[in-house]
Amino acid sequence: MTEKQAEEKLRVLLPHWIEHNQGHATEFRRWSSTARNENLNEVAKLIDRAAELLEDADRLLGEALVKAGGPTHRGHHHHHHQD
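All of the points below concern the structure found in this document. Predicted model only: the values in this text are computed from it and were never measured.

Quick notes on the rules
- Residues numbered from 1 in each chain as written.
- Predicted model: local features only at pLDDT ≥ 70, side-chain atom pairs only at ≥ 80, totals over all residues.
- Heavy atoms only, no water.
- Helix = DSSP H or I, 4+ residues; strand = E, 2+ residues; numbered from the N terminus.
- Buried < 20%, exposed > 50% of the residue type's maximum accessible area, 1.4 Å probe, protein only.
- Areas by Shrake-Rupley, 256 points an atom, 1.4 Å probe, with all protein chains shown as cover.
- Expected span 1.5 Å × (residues − 1).
- Contact = heavy atoms within 4.5 Å.
- Polar contact = N/O pair within 3.5 Å; in protein donor to acceptor, adjacent residues only side chain to side chain.

Points about the overall build of the protein
Within the protein, the regular secondary structure consists of two helices and zero strands. Residues classed as buried in the protein amount to 27% of the 83 residues present. Taken as a whole, the protein presents about 6,100 Å² of accessible surface, with 57% of it coming from carbon and sulfur.

A short note on helix α2 (residues 41-67)
Look at α2: 39 Å from first C-alpha to last across 27 residues, which is about the 39 Å you get at 1.5 Å a residue. When we look at burial in α2, the residues that qualify are Ala44, Asp48, Ala51, Leu54, Asp58, Leu61 and Leu65. The secondary structure elements touched by the buried residues of α2 are α1 (3-37).

Quick look at α1
Over its 35 residues, α1 extends 50 Å from the first C-alpha to the last, a length consistent with the 51 Å expected when each residue adds 1.5 Å. Turning to α1, its buried residues number three or more, namely Lys9, Arg11, Val12, Leu13, Leu14, Pro15, His16, Ile18, Asn21, Ala25, Ser32 and Ala35. Residues of α1 that are buried in the fold lie against α2. In the segment just after α1, Asn39 is the residue with positive phi, at about 60°.

Some details on the side chain of Asn21
Positionally, Asn21 belongs in helix α1. A distance of 3.0 Å separates the side chain of Asn21 from the side chain of Asp58, its partner in a polar contact.

Shown next, in the form of C-alpha cells:
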C-alpha cells in the first residue's frame with residue numbers, strides 16, 4: 001500500500017470509526033442513566049467514564065482525519081474493516 005493509498009483509506013475509515021464510537025457513547029450514556037435509576041451509582045460512574053474516554057478518542061480521531069486531509073467526498077459508507 002502506498003502512502004497515498006493509506007491516506008485515502010484512512011480518510012474513509014476515520015469518519016466511520018468516529019460515527020461508530022458516537023453510537024456507542026450514546027448507548028453508554030443511556031445505560032448509565034438506567035444504572036443510576038436503579039441505584040447502581042458506582043456502575044453508572046464507570047460507564048460515564050467509558051463514554052468520556054470514547055469522546056476523547058473521537059477528538060483524537062478527528063485530529064487524525066484533519067491531518068489526513070479530511071473526509072473523502074465519495075462518502076464514508078464503505079465498511080472496509082480489512083485490507
